[in-house]
Amino acid sequence: MKTEPVISVSALDLYYGEFQALKQVPMEVKGRHITALIGPSGCGKSTLLRALNRMNDLIAGVRVSGSILLEGRDIYAPGTDVCLLRKRVGMVFQRPNPFPLSIYDNVAFGLRVAGMRDGNAVEEIVERSLKAAWLWDQLKDKLGQSALELPLDQQQRLCVARLLAVEPEVILMDEPCSALDPIATARIEELMLDLKAKYTIVIVTHNMQQAARISDYSGYMLLGEMIEFGATAGIFTSPKDKRTQDYVSGRYG
Amino acid sequence: MNLNGEKIAKYALMTVAFSAVASLLLIAVFIFKEGLPFMFKVGLRDFLFASDWDPMAGKYGIYPMIVASLWVTLGAMLIGAPLGVAGAIFLNEFVPKPVMRVIKPTIELLAGIPSVVFGFLGVMVLAPWIRATMGGPGLSVLAASVILGIMVLPTVISISTDAIGAVPNSYREGALALGATRWQSVYMVTIKAARSGIIASIILAMGRALGETMAVIMVAGNTVKIPHSVTDPVRTLTANIALEMANATGMAREALFATGVVLFVVIMILNGVALSTIKGRVRRK
Ligand SMILES: Nc1ncnc2c1ncn2[C@@H]1O[C@H](COP(=O)(O)OP(=O)(O)OP(=O)(O)O)[C@@H](O)[C@H]1O
Ligand SMILES: [Mg+2]
């Protein structure tokens, strides 16, 4: 019965001051699938992604119109609890950004933010989250160590773990591998495929092989427009739009 | 010709720089030379931990002044540190950047207000108010703490603001993206990330409060007595030097230099700790 999209975006316009960064963008994110956003630099992928958990609200002068429905509810409707929204729709950033706290405190952060005081429960969830991000075996003996001392790919997986701890429904990832080497990238990709069983993932990537490898649906964006959106296989093998074809075959620009 | 000119300029500058450093060193050496022998003559116990200060009678205990300096400095920190850190957080997190660019230099300018002006305010406004509402003479530990607490605000705010401003935005975004409120992101992440800078600002402020003289003489009451309440008048180490120097000769004069040595050492230690916490933070980045 997973036919309803978890997120459905329609006619989304977004302005940074006078500049229109998104133009009438549509998108449907299916639950427990990976949706990839591809397109050249500056086309609005990050902007669209950050609209999904309202991180753009932090930038002065941003205006949004159109609608983004999360399980049928408009997330830009007045009275929306943005903190709750961001718990349901979590985000992993391009550069790993663990807090300058211990590994344990990083993962427990979201729980403490949510007001969880029961130490045992926190401990349990920290362990479960680190396991889910494939970090538990390496890190279980040094949970008190500063997270900033970890290698980058572990930092990035720690950021995933810290997100999993708050049990989001959707995970947004903005070029999560761009700061990582190929081996670390492969590990994060495997992790994403593993997480797909429980979570809905939207990923922005510059790497077309990556999109082809891991995503179920893809959207190709250009200059703020969604040129083509559909099943990844279709986008990469039989794109309907000439511009998509040029891009996926590497003839762009 | 031109080359010669450059050489002359170079040597002139070197001489100036050298004499500046040398004169500072000489002052330090002089203070120690005058003060240290005294400490050994009288004995550290009878100097630092005796309660009678009566140079006429050969009694040189500065313990009441040490206690007074500690109380007044701690009091100033109790007032100045929270206010200053709160101000720095407010400036960074809740004030628009353009406004901040005006407010911060303004606050730093406050550091230039002569201390006698603060002291005057204390005498005219604060001390009478304390006398009326809490009793005692008004000139007191409390009055000195409040005045000093305000005087150190520019130091605390300025250095803490820089420390908080240097916290990468990605930490804030990370916290907000996990559903933290603005305030939670401030106290759970930003303050922790800026911790060493904030601590350094407080330690530097402590050094300033401990060393301040004019304002303290004006508002602290200057009685040589171990205080029992915040409304008691006290005499700090710095005030003691300033008040007694006019008629100090012989041993009394040496005692004042020895008091200077105590202040010198404590403030050097505070500044050293502050500098090394700031440096430590830079190294870790
Ligand atoms: N804070 C901002 N203020 C003004 N314009 C912005 C801002 N952020 C992004 N833009 C503009 O919006 C457009 C889309 O930016 P966005 O970051 O979404 O692109 P992107 O597709 O993620 O690019 P990249 O692949 O380089 O990350 C760009 O033209 C960019 O210059
Ligand atoms: Mg981007």
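Above: the structure in question.
Residues numbered from 1 in each chain as written. Chains lettered and ligands numbered in written order. Predicted model: local features only at pLDDT ≥ 70, side-chain atom pairs only at ≥ 80, totals over all residues. Heavy atoms only, no water.

S.K.: I would appreciate a short explanation of the overall build of chain A in the present structure.
M.R.: Looking only at helices and strands, one finds 10 helices and 10 strands in chain A. For chain A, the C-alpha radius of gyration of 18 Å lies close to 18 Å, the compact-globule estimate for 253 residues. In terms of principal-axis extent, the alpha carbons of chain A reach across some 55 × 45 × 40 Å. Counting the 253 residues in chain A, one finds 54% classified as buried. A separation threshold of at least 6 residues defines the contact pool for chain A, and within that pool the share at least 24 residues apart is 67%. Here chain A displays about 11100 Å² of accessible surface, and carbon together with sulfur accounts for 51% of that area. Averaging the coordinates of the 29 positive side-chain charges in chain A and doing the same for the 30 negative ones gives two points 1 Å apart. (Helix = DSSP H or I, 4+ residues; strand = E, 2+ residues; numbered from the N terminus. Rg over C-alpha atoms; globule rule 2.2 N^0.38 Å. Buried < 20%, exposed > 50% of the residue type's maximum accessible area, 1.4 Å probe, protein only. Contact = heavy atoms within 4.5 Å. Areas by Shrake-Rupley, 256 points an atom, 1.4 Å probe, with all protein chains shown as cover. Lys, Arg positive; Asp, Glu negative; His and termini not counted. Charge placed at Lys NZ, Arg CZ, Asp CG, Glu CD.)

S.K.: Please clarify how the pairing of strand β2 (residues 19-30) of chain A should be interpreted in this entry.
M.R.: Both faces of the sheet carry side chains from a regular strand, because those side chains alternate between them. The sheet contact formed by strand β1 (residues 5-16) of chain A and β2 of chain A spans eight bridges and is antiparallel. Across the sheet, serine 8 of chain A pairs through a bridge with glutamate 28 of chain A, a residue of β2 of chain A. (Pairing = 2+ DSSP bridges.)

S.K.: Which parts of the structure should I look at to understand the sheet that holds strand β9 (residues 217-222) of chain A?
M.R.: Note on sheets: strands pair through backbone hydrogen bonds, and any given pair is parallel or antiparallel. Residue and element names in this part refer to chain A. If you trace the six strands from one edge of the open sheet to the other, you get β6-β7-β8-β3-β9-β10, paired in mixed fashion. Looking at which strands have only one partner, the edges of the open sheet turn out to be β6 (89-92) and β10 (225-231). Mean inter-strand twist for the sheet, computed between neighbouring axes without regard to direction, equals 15 degrees. Taken together, the four bridges between strand β3 (residues 34-38) and strand β8 (residues 200-204) define a ladder with parallel strand orientation. Pairing of threonine 35 across the sheet is with valine 202, part of β8. Helix-sheet contacts for helix α1 (residues 45-52) involve β3, β6, β7 (170-174), β8, β9 and β10, and the interaxial angle to β7 is about 155 degrees. Here helix α6 (residues 152-164) sits on the sheet and contacts β6 and β7; the angle it forms with β6, its principal contact strand, is near 170 degrees. (Axes fitted to C-alpha atoms, helices over the stretch in contact; angles between N-to-C directions.)

S.K.: Mind showing me how you'd approach the packing of aromatic side chains here?
M.R.: Between two aromatic rings, the relevant description is the distance of the centres plus the angle of the planes. Going through the model one piece at a time under the given rule, you end up with 10 aromatic pairs over all chains. Ring geometry for phenylalanine 99 of chain A versus phenylalanine 109 of chain A: centroids 4.4 Å apart, planes at 40 degrees, classification tilted. Residue phenylalanine 99 of chain A is located in the loop between β6 and α3 (103-113), and its partner phenylalanine 109 of chain A is located in helix α3; the two are separated by 10 residues in the primary sequence. The residues phenylalanine 99 of chain A and phenylalanine 109 of chain A share a single accessibility class, namely buried. Pairing phenylalanine 30 of chain B with phenylalanine 257 of chain B gives two aromatic rings, centres 5.5 Å apart and planes at 85 degrees, and the pair type is edge-to-face. Taken together, the positions of phenylalanine 30 of chain B in helix α1 (residues 2-42) and phenylalanine 257 of chain B in helix α13 (residues 250-284) put the pair 227 residues apart, joining distant regions of the chain. Here the aromatic residues Phe38, Phe47, Trp53 and Tyr60 of chain B are joined through ring pairs into a cluster of three or more. If you follow arginine 63 of chain A out to its NZ or CZ, it ends over the ring of tyrosine 15 of chain A, 4.5 Å from the centre. Here the guanidinium or amino end of lysine 10 of chain B rests over the ring plane of tyrosine 11 of chain B, the centre of that ring lying 5.7 Å away. (Phe/Tyr/Trp six-rings, centres within 6.5 Å; stacked < 30°, edge-to-face > 60°. Lys NZ or Arg CZ within 6 Å of the ring centre and 35° of its normal.)

S.K.: Sorry if this is basic, but what is going on with the sheet that holds strand β4 (residues 62-70) of chain A here?
M.R.: Residues and elements named next belong to chain A. Overall, antiparallel pairing links the four strands, which are arranged β2-β1-β4-β5 in an open sheet. Only two strands of the sheet have a single partner each, and these edge strands are β2 and β5 (73-74). Bridge analysis of β1 against β4 gives eight bridges, and the strand direction is antiparallel. Across the sheet, residue serine 8 finds its bridge partner in β4, namely leucine 69.

S.K.: What's the story with the pattern of salt bridges in this structure? I'm lost.
M.R.: A side chain with one charge may pair with a side chain of the opposite charge, provided their charged atoms come close. Residues and elements named next belong to chain A. Following the criterion strictly, the structure yields 21 salt bridges over all chains and no others. Among the ionic pairs, glutamate 169 bridges to arginine 88, the shortest N-O distance being 2.8 Å. Of this pair, glutamate 169 sits in the loop between α6 and β7 while arginine 88 sits in helix α2 (residues 82-88); the two residues are 81 residues apart in sequence, bridging distant segments of the chain. Looking at arginine 88, the relative accessible area reads 26%, which means it is partly exposed. A salt bridge links aspartate 153 to arginine 187; the nearest nitrogen and oxygen atoms lie 2.7 Å apart. One end of the pair, aspartate 153, is in helix α6; the other, arginine 187, is in helix α7 (residues 182-195), and 34 residues separate them in sequence. Residue classification places aspartate 153 among the buried residues on the basis of a relative accessible area of 9%. (Salt bridge = Lys/Arg side-chain N within 4 Å of Asp/Glu carboxyl O.)

S.K.: I tried to follow the environment of valine 204 of chain A on my own but got confused; where do I start?
M.R.: All names here are of chain A. Locating valine 204 in the fold gives a position in strand β8. Taking the C-alpha atoms as reference points, valine 204 and aspartate 13, 191 residues apart in sequence, are found 19 Å from one another. The contact partners of valine 204, leaving out residues within four places of it in the chain, are Leu37, Lys45, Ser46, Leu49, Met173, Asp174, Glu175 and Pro176.

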